[in-house]
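# Coordinate inspection notes
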Amino acid sequence: MAAAVVPDEPGQPPKLAQDVLASKAPKMVAAGQVVNPFEVSGGVDEAGKALAIDFDKIVRDFGATPMSPEILQRFERVTGKRPHRLMRRGMVSSHRDLDKMLDRYEKGEPFYLYTGRGPSSDSMHVGHAMPFELTRFLQDAFNCPLVIMLTDDEKFMHNEKLTIEDAKRFTVENAKDIIAMGFDPQKTFIFSDFEFVGGAFYENICMIAKHITINQIKGTFGFDDSTNIGKFHFPATQSATAYATSFPHIFGPDKTKVRTIPCLIPCAIDQDPYFRQCRDRAEKMKHKKPALLHMIFLPALQGPGSKMSASVSTSAIFLSDKPNEIKNKINRYAFSGGQDTAEKQKELGGRTAVDVPYQYLTFFLEDDDELARIKDDYESGRMMTGEIKKICIQYVQDFVAEFQERRKKVDESVRADFFARKPLLFQGKTAEEVLNELEEKQKQEKAEKKAKADAEKAASKAAAPAKDTPRPTDAAVDGDAKGHKKTTSTVSVGRTKQ
Ligand code: TRP
């Protein structure tokens, strides 16, 4: 046993801690349910029937904070924007440190948004579009930079058949689809790992990789000794995008300042394991922990047991589908929570909790009142299955048609603009400007605090000139301690030392 113990590298956590961490890593399994970046299924019951994904259990197991009406209200107060329907209706099911990002926004402190996609095929479906739809809204609400990572390297490692050439081609095609979601080129940087790895980004990848052990990756992702080593290394790459210092062209070259800029990551909930890894180590590397918004999946046409799959064409509606294809797929394949006959439907009503057309409406229909009316009509049996399908078809067709209109305008030059390395603006200013202004402001506040403390001391000295003691306020103590080196008043320095 002793022979197997490899001495710890300097800067690595001790061996024991690694083992403990691995054994503590929550397993993402709820009664046969599997949710990790590589597999998502709600499991099956005793009869072999697919079960819905238990998102609440995932939130509990992952230790995230469920979204609450309070934080949504705060989002609205702080940004002046009504939360997106995906937020209002619980598709953004949980978060980590969203409150801290709202604090920063209130104080004018910079942060950026980070999201991504593994380009595994050139056909993106409407499920893939949902986190981007949320991100687009957040970029607008926060008026901040956004970095979109295309992990062609990850997909290459994880897919036996995928060639590097194919992965790179998917990157280009997917980037165009993503751009067509409506991002602002002034505030968005999109990159491919194959193309961008190097420089400051690669330095961060290596710094992170040096802090991660095989044990930790096994514990978090369920890999074993037959897993290729590329998969073990990749989590460092996905994490490095969460460090602002990876992007000197966006935030400037001053690492000490830039590492104080955190990011907020909107992502599907299966990506959380990557970012738990990242959050565990960020502060050790003198960076901020990334904040997260977790989204649930748009269900497959077959029902709430799984998510849409690009490789099962009858499970998904693609962003390239024609209106007729959308209509046929929903009519033919969408799982219905309605009753078998019109009579029964009138008597018992439809079950919106499992009805795919209704579920899709919650993702695509903006008007809350109309959605409530449809729910009521359907559940009470006034609305038939065919009718709710028809309404659903209309809204999904509209979403896809609007997307396709924007997509037509995304040519190679538009794409190149999003991939260009340029500074991105936060509230209309570069990160350097914001950071300098904040530094100035902090200096001013310090000076004011000190002036106030000095004045208080002078006043208390005047009131009791014989044997005065400084008032033990935080400001006075802080002011003296900080002013120690600079002050010319030996009297005040002497006092704090008494
Ligand atoms: N691993 C993700 C995928 O396979 C891609 C990704 C990278 C991502 N960084 C991200 C997704 C950040 C969401 C947020 O799709």
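Figured I'd write up the structure that's included with this text. Since this is a predicted model, take the numbers as computed values, not measurements.

## So, the sheet that holds strand E5 (residues 112–117)
- The mixed open sheet is built from seven strands, whose spatial order is E3-E4-E9-E8-E5-E6-E7. Pairing within the sheet leaves two strands with one partner each, and these edge strands are strand E3 (65–66) and strand E7 (188–192).
- With two bridges connecting them, E3 and strand E4 (residues 92–96) associate as antiparallel partners. Within E4, the residue paired with proline 66 across the bridge is serine 94.

## Topic: the site of the ligand
- Around the ligand there are 15 residues in total, and Tyr114, Gly118, Glu154, Gln238 and Gln271 lie nearest to it.
- Within the contact set of the ligand, a nitrogen atom lies 2.9 Å away from a side-chain nitrogen or oxygen of glutamine 238.
- In the model, a nitrogen atom of the ligand is placed 2.9 Å from a nitrogen or oxygen of the glutamine 271 side chain.
- Taking 370 Å² as the accessible area of the ligand by itself, protein coverage stands at 91%.
- Elements with a minimum of two residues in the shell around the ligand: E5, helix H7 (152–158), strand E8 (263–268) and helix H15 (272–282).
- No other element matches the four residues that E5 contributes to the shell around the ligand.
- Of the residues that constitute the shell around the ligand, the class distribution is six nonpolar, six polar and three charged.

## Brief notes about helix H18 (residues 356–364)
- Within H18, nine of the nine residues are buried, which leaves it mostly tucked inside the rest of the structure.
- Every buried residue of H18 is listed here: Val356, Pro357, Tyr358, Gln359, Tyr360, Leu361, Thr362, Phe363 and Phe364.
- For H18, the N-terminal cap is aspartate 355; the gap from its side-chain oxygen to the backbone nitrogen of tyrosine 358 is 3.0 Å.

## So, unusual backbone geometry
- Positive phi, close to 60 degrees, is recorded for aspartate 97, a residue that is not glycine.
- Among the structural elements, aspartate 97 can be located in the loop between E4 and helix H5 (98–107).
- Although it is not a glycine, glutamine 427 adopts a positive phi angle of roughly 50 degrees.
- In this structure, glutamine 427 sits in the loop between helix H21 (412–419) and helix H22 (431–463).

## Observations concerning the nonpolar core
- Ranked by internal contacts, the top residues of the largest apolar core, which has 84 residues, are Val126, Leu138, Phe142, Ile330, Tyr360, Phe364 and Phe399.
- In terms of residues, this core owes the most to one element, helix H6 (residues 126–142), which gives nine residues.
- Leaving out residues up to four positions away in the same chain, tyrosine 360 has contacts with Leu298, Pro299, Ala300, Leu301, Met308, Ile317 and Cys392.
- Within the second largest apolar cluster, 38 residues are counted, among which are Tyr114, Val147, Phe201 and Phe251.

## Considerations on H5
- Buried within H5 are the following residues: Leu98, Met101, Leu102, Arg104 and Tyr105. On an axial view of H5, the arc spanned by its buried residues comes to 160 degrees, and they lie on one face. Set apart from the buried face of H5 by more than 90 degrees, the exposed residues are Glu106 and Lys107.
- On its buried face, H5 is in contact with helix H3 (69–79), E4, H6, E8 and strand E9 (291–295).
- Looking one or two residues beyond H5, the residue adopting positive phi is glycine 108, at roughly 75 degrees.

## Quick word on the side chain of histidine 211
- Locating histidine 211 in the fold gives a position in helix H10 (residues 199–211).
- Within polar-contact distance, the side chain of histidine 211 engages the backbone oxygen of methionine 207 at 2.9 Å.

## Re the packing of helix H12 (residues 229–240) against H15
- Viewed as axis vectors pointing N to C, H12 and H15 meet at an angle of 75 degrees, and their least axial separation amounts to 9 Å. Comparing their axes, H15 and H12 come out roughly perpendicular. Listed contacts from H15 to Phe234, Pro235, Gln238 and Ser239 of H12 are Tyr274, Phe275 and Cys278.
- By residue class, the composition of the contact of H12 with H15 is five nonpolar, two polar and no charged.

## What to know about the environment of serine 320
- As for its position among the elements, serine 320 is in the loop between strand E11 (303–307) and helix H16 (323–333).
- Serine 320 gets classed as exposed once you look at its relative accessible area, which sits at 53%.
- Measuring from C-alpha to C-alpha, the distance between serine 320 and valine 400 comes to 7.7 Å, with 80 residues separating the pair along the chain.
- Not counting chain neighbours up to four residues away, the residues in contact with serine 320 comprise Glu325 and Gln404.

## Considering the environment of asparagine 159
- For asparagine 159, the position within the fold is in the loop between H7 and helix H8 (164–179).
- Take asparagine 159: its relative accessible area is 30%, and that puts it in the partly exposed class.
- C-alpha separation for the pair asparagine 159 and serine 120, spaced 39 residues apart in sequence, amounts to 8.3 Å.
- Within the local environment of asparagine 159, its side chain forms a polar contact with the backbone nitrogen of lysine 161, the two atoms lying 3.0 Å apart.

## Notes on the packing of aromatic side chains
- Across all of its chains, the model carries 24 aromatic pairs by this definition.
- Considering the side-chain rings of phenylalanine 132 and phenylalanine 183, the 6.4 Å spacing of their centres and the 80 degrees angle between planes classify their relative orientation as edge-to-face. Remark: phenylalanine 183 occurs in the loop between H8 and E7 and phenylalanine 132 occurs in helix H6; sequence separation between them is 51 residues. The two residues phenylalanine 132 and phenylalanine 183 agree in class, both being buried.
- Both rings, one in phenylalanine 191 and one in phenylalanine 201, keep their centres 5.4 Å apart while their planes meet at 75 degrees; by these two values the pair is edge-to-face. Taken together, the residues phenylalanine 191 in strand E7 and phenylalanine 201 in helix H10 connect sequence positions ten residues apart. Taken as a pair, phenylalanine 191 and phenylalanine 201 share a single burial class, namely buried.
- Each residue in the set Tyr112, Phe189, Phe191, Phe196, Phe201, Phe247 and Phe251 is aromatic and connected to the rest through ring pairs, giving one cluster.
- The ring of phenylalanine 419 has arginine 415 sitting right over it, with the charged end atom 4.5 Å from the ring centre.

## Side note on the pattern of salt bridges
- With the rule as written, the count across this model stands at 34 salt bridges.
- Between aspartate 368 and arginine 88 there is a salt bridge; the shortest N-O distance is 3.0 Å. Placement of the pair is aspartate 368 in helix H19 (residues 368–379) and arginine 88 in helix H4 (residues 85–88), with a sequence separation of 280 residues.
- In this structure, aspartate 321 and lysine 329 form a salt bridge, with 2.8 Å as the shortest nitrogen-oxygen distance.
- Residue lysine 329 is classed as buried on the basis of its relative accessible area of 12%.
- Salt bridges here are not isolated pairs; linked through shared partners, they connect Arg82, Arg85, Arg88, Arg89, Glu366 and Asp368.

What counts and how
- Residues numbered from 1 in each chain as written.
- Predicted model: local features only at pLDDT ≥ 70, side-chain atom pairs only at ≥ 80, totals over all residues.
- Heavy atoms only, no water.
- Pairing = 2+ DSSP bridges.
- Helix = DSSP H or I, 4+ residues; strand = E, 2+ residues; numbered from the N terminus.
- Near = heavy atom within 4 Å.
- Polar contact = N/O pair within 3.5 Å; in protein donor to acceptor, adjacent residues only side chain to side chain.
- Areas by Shrake-Rupley, 256 points an atom, 1.4 Å probe, with all protein chains shown as cover.
- Nonpolar A, V, L, I, M, F, W, Y, C, P; charged D, E, K, R; others polar.
- Buried < 20%, exposed > 50% of the residue type's maximum accessible area, 1.4 Å probe, protein only.
- Core = buried A, V, L, I, M, F, W, Y, C linked by side-chain atoms within 4.5 Å.
- Contact = heavy atoms within 4.5 Å.
- Arc of directions from axis to C-beta.
- Axes fitted to C-alpha atoms, helices over the stretch in contact; angles between N-to-C directions.
- Parallel < 35°, antiparallel > 145°, perpendicular 65-115°, else oblique.
- Phe/Tyr/Trp six-rings, centres within 6.5 Å; stacked < 30°, edge-to-face > 60°.
- Lys NZ or Arg CZ within 6 Å of the ring centre and 35° of its normal.
- Salt bridge = Lys/Arg side-chain N within 4 Å of Asp/Glu carboxyl O.

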